[in-house]
Amino acid sequence: MSGLLDGKRLLITGVLTDQSIAFSAARLAQEQGAEVVLTGFGRMSLVERIAKRLPKPVGEIIELDVTNADQLAGLADKVREQVDGLDGVVHSIGFAPQSVLGGEFLNAEWDDVATAVQISTYSYKALAMACLPLLGRGSSIVGLTFDATLAWPVYDWMGVAKAGLESASRYLALHLGKQGIRSNLVSAGPLRTMAAKSIPGFEQFEDKWVERAPLGWDLTDTDAAGRAICALLSDWFPATTGTVLHVDGGFHAVGA
């Protein structure tokens, strides 16, 4: 049988550990026939080491700081050194200073909030525009959110940034739809990734999620989210854009 992503050329960000959703998406995409290009930020040697755990070798990891205008401007040329175009982009990028998390919503200063919004929200549009010269009709951009329809304890300004991300995805869907490019988000339940561990008190979600999710919830299994990302990158959702796909065991449907 042909793979779901046979012949697809994908750019995937955020592969920092093999417990990350981005790593699962990259692994599954390769298994489904895609050619994967990776970006990294900061600890590039770590990204390179983790990339070796993928089923197939990847080319040189592209360094990308989404706050660096020069790196964004040069991204398309860097990608062209490995593939002649892109059929999909995965945005798995988010960061907020500790000062805007963990119950510090009322005390957070604008400079720190601005950092969270730039990296976690604006970067979605910035990455899409950096890749736009490589994307053709039928391409798909997929990002990661954490249900921003509710206010979560300790999530604070990251929750606000995710709400902005969800809105930004809808606006990308609006403005890129004429070019046949889709924009969707996957909202996964809490997972014990490095990103989650950086949020003070995030473990407050865990027991309740496992207990209340109708399908149950495995805090260490990133495959379900990775599969959803691959599905949205495939040709099986040709008329779906501006959507948040919940991969949370059904928790969002029943609440706390």
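Nothing here was measured: the structure is a model prediction, and the numbers come from that model.

1. Thoughts on the packing of aromatic side chains
Then comes step 1: Summed over all chains, the structure comprises 7 aromatic pairs.
Then comes step 2: On the basis of an interplanar angle of 65° and a centroid distance of 5.3 Å, the ring pair of phenylalanine 146 and tyrosine 155 is categorised as edge-to-face. There is no split in this pair, since phenylalanine 146 and tyrosine 155 are both buried.
Then comes step 3: Arranged with centres 3.9 Å apart and planes meeting at 15°, the rings of tryptophan 209 and phenylalanine 251 form a pair that is stacked. Of this pair, tryptophan 209 sits in helix H7 (residues 204-212) while phenylalanine 251 sits in helix H9 (residues 251-254), and the two are 42 residues apart along the sequence. By the burial criterion, tryptophan 209 is buried, and phenylalanine 251 matches it.

2. Quick notes on the UniProt feature "binding site: substrate" (unreviewed entry) in the protein
Then comes step 1: Those residues carrying the UniProt feature "binding site: substrate" (unreviewed entry) are Ala96 in this numbering.
Then comes step 2: Excluding residues that lie within four positions of it along the chain, alanine 96 makes contacts with Leu101, Ala116 and Met158.

3. Topic: the packing of helix H3 (residues 69-80) against helix H4 (residues 110-131)
Then comes step 1: Close contact between H3 and H4 brings their axes to 8 Å; oriented N to C, the two are set at 40°. Of the possible angle classes, the one that applies to H3 and H4 is oblique. Between H3 and H4 lies a crossing whose hand is right-handed. For the pair H3 and H4, the contacting residues are Leu72, Leu75 and Ala76 in the first and Ala126, Leu127, Ala130 and Cys131 in the second.
Then comes step 2: Here the residues of the contact of H3 with H4 sort into 7 nonpolar, no polar and no charged.

4. Observations regarding the sheet that holds strand S7 (residues 244-247)
Then comes step 1: If you trace the 7 strands from one edge of the open sheet to the other, you get S3-S2-S1-S4-S5-S6-S7, paired in parallel fashion. Either end of the sheet is taken by a strand with one partner, and the two such strands are strand S3 (62-63) and S7.
Then comes step 2: Looking at chain direction, strand S1 (residues 9-12) and strand S2 (residues 35-40) are connected through 4 bridges and run parallel. Note on S2: the bridge partner recorded for isoleucine 12 is leucine 38.

What counts and what doesn't
- Throughout this description, residue numbers start from 1 for each chain and increase along the sequence as written.
- Residues qualify for local features only when their pLDDT is at least 70, as the model is predicted, and side-chain atom pairs are given and counted only at 80 or more; totals for whole chains, interfaces and linings, by contrast, use all residues.
- Calculation of side-chain values draws on the structure's entire complement of heavy atoms; hydrogens and water are dropped beforehand.
- Only Phe, Tyr and Trp rings are paired, with Trp represented by its six-membered ring, and only when their centres lie within 6.5 Å; those with planes under 30 degrees apart are stacked, over 60 edge-to-face, the remainder tilted.
- We call a residue buried when its accessible area falls under 20% of the maximum for its residue type, exposed when it is over 50%, and partly exposed in between, using a 1.4 Å probe and counting protein chains only.
- Labels follow the DSSP assignment, with helices taken as runs of H or I lasting at least four residues and strands as runs of E lasting at least two, numbered in each case from the N terminus.
- UniProt positions are given in the numbering used here, feature names are shortened, and annotations may be inferred rather than shown by experiment.
- When checking whether two residues touch, look at their non-hydrogen atoms; a contact exists if any pair is within 4.5 Å.
- The axes are straight lines fitted to the C-alpha atoms, using for helices just the contacting stretch, and the angles between their N-to-C directions are given from 0 to 180°.
- In these notes the angle categories are as follows: under 35 degrees is roughly parallel, over 145 is roughly antiparallel, 65 to 115 is roughly perpendicular, and the rest is oblique.
- Left-handed is the label given to a crossing in which the near helix is rotated counterclockwise from the far helix by less than a right angle, and right-handed is the label when the rotation is clockwise.
- When residue character is reported, Ala, Val, Leu, Ile, Met, Phe, Trp, Tyr, Cys and Pro are called nonpolar, Asp, Glu, Lys and Arg charged, and the others, Gly included, polar.
- Two strands qualify as a pair provided that DSSP identifies no fewer than 2 bridges between them.

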